[in-house]
Amino acid sequence: MIAITSAADALAGRARARGFLEERSLSPEQRAEVAIVVAELAANLWRHGGGGTLRLSDADEGNGRAVLIEATDSGPGLPAHAFEDGYSTGSGLGGGLGAVRRLTDRIEVETREGCTRIRAWKRIGSTSA
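Positions within a chain are numbered from 1, following the residues in the order the chain's sequence is written. Predicted model: local features are reported for residues with pLDDT of at least 70 only, side-chain atom pairs are reported and counted for 80 or more only, and whole-chain, interface and lining totals are derived from all residues. Side-chain numbers come from the whole structure's heavy atoms, not from hydrogens or water.

Draft legend 1. Representation of the confidence of the model for the protein chain within the structure. Values of pLDDT, which run from 0 to 100, indicate the predictor's confidence residue by residue. Predicted confidence across the protein chain gives a mean pLDDT of 82, with 82% of residues reaching 70 or more. Numbering of helices and strands runs from the N terminus; a helix is a DSSP stretch of H or I covering at least four residues, while a strand is a stretch of E covering at least two. Helix H3 (residues 96–103) is the least confidently modelled element of the protein chain, averaging 83 in pLDDT, while strand S3 (residues 64–73) averages 93, the highest of any element.

Below is the structure:
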């Protein structure tokens, strides 16, 4: 588990995720896609969620294996359209959570005031996003 409370933690989280991914049989393209997902979720944890935790683990997904990326915070919650491109609560372009949706094979979001948990799966060995 990686605690994310600052921009420096978000960068450190990406580095730790890189090590985790190198130990798995992902293609270079898949590693890059998961790294983007980790970077976006980590940035959202400290920018909008008031900090939180990021966790990567191995998971079963359908008929194969996957990497599970889980981000949990204690922030204000997410509106249903937060994963649409162009939606932003800040000064960004609003593509971050849309990229998370596009670059993973499955995503689940549990959100309410005081707690948001995003779980995203990337299948290992699959070239689909």
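Structure's up, so let's keep going.
Draft legend 2. Seen up close, the nonpolar core. Formed by 24 residues in total, the largest nonpolar core has its most connected members in Leu-41, Leu-54, Leu-56, Val-67 and Ile-69. Contributions of two or more residues to this core are made by strand S1 (2–4), helix H1 (7–22), helix H2 (28–47), strand S2 (52–61), S3 and H3. Broken down by element, the residue count for this core peaks at six residues, all from H2. Note on contacts: a residue pair qualifies if any of its non-hydrogen atoms lie within 4.5 Å across the two residues. Setting aside chain neighbours within four positions, we find Leu-41 in contact with Leu-54, Ile-69, Ala-71, Leu-97, Val-100 and Ile-118. Take the buried Ala, Val, Leu, Ile, Met, Phe, Trp, Tyr and Cys residues and link them wherever side-chain atoms come within 4.5 Å; each set so joined is a nonpolar core. Remark: exposure states derive from per-residue accessible area (1.4 Å probe, protein chains only) relative to the maximum for the residue type, with buried under 20%, exposed over 50%, and partly exposed in between.

Draft legend 3. Structural detail: the environment of Arg-101. For Arg-101, the position within the fold is in helix H3. Separated by 20 residues in sequence, Arg-101 and Trp-121 have C-alpha atoms that sit 9.9 Å apart.

Draft legend 4. Quick peek at the pattern of salt bridges. One side-chain nitrogen of Lys or Arg within 4 Å of one carboxyl oxygen of Asp or Glu is enough to make a salt bridge. Per the stated rule, a full pass over the model turns up eight salt bridges. A salt bridge links Glu-33 to Lys-122; its shortest N-O distance comes to 2.6 Å. One end of the pair, Glu-33, is in helix H2; the other, Lys-122, is in strand S5 (residues 115–123), and 89 residues separate them in sequence. Glu-33 sits in the buried class, given a relative accessible area of 12%. Take Lys-122: its relative accessible area is 1%, and that puts it in the buried class. Linking Glu-70 and Arg-117 is a salt bridge whose minimum nitrogen-to-oxygen distance equals 3.2 Å. Of this pair, Glu-70 sits in strand S3 while Arg-117 sits in strand S5, placing them 47 residues apart in sequence. According to the relative accessible area criterion, Glu-70 is buried, its value standing at 6%. Salt bridges here are not isolated pairs; linked through shared partners, they connect Arg-55, Glu-70, Glu-110 and Arg-117.

Draft legend 5. A look at the pairing of S3. For S3, a buried count of seven out of 10 residues is recorded, marking the element as mostly surrounded by other parts of the structure. A pair of strands is treated as paired once DSSP finds two or more bridges between them. Where S2 and S3 come together, 10 bridges link them in antiparallel fashion. Bridge pairing in S3 links Thr-53 to Thr-72. If you look at the hairpin formed by S2 and S3, you'll find two residues sitting between the two strands, and Gly-62 has a positive phi there, around 65 degrees. Of the pairings in the sheet, the one linking S3 to S5 comprises eight bridges and is antiparallel in character. In the strand pairing of S5, Leu-68 is matched with Trp-121.

Draft legend 6. Local environment of H1. Each helix should span, by expectation, one fewer than its residue count multiplied by 1.5 Å. With 16 residues, H1 should reach 22 Å at 1.5 Å per residue; the first-to-last C-alpha distance of 23 Å fits that figure. When H1 is considered as a whole, its buried residues turn out to be Ala-10, Gly-13, Ala-17, Phe-20 and Leu-21. The buried residues of H1 occupy an angular sector of 90 degrees when the element is viewed end-on, so they sit on one face. Facing away from the buried side of H1 by over 90 degrees, the exposed positions are Ala-8, Leu-11, Arg-16 and Glu-22. Summarising the geometry, the arc corresponds to the directions from the helix axis toward the C-beta atoms.

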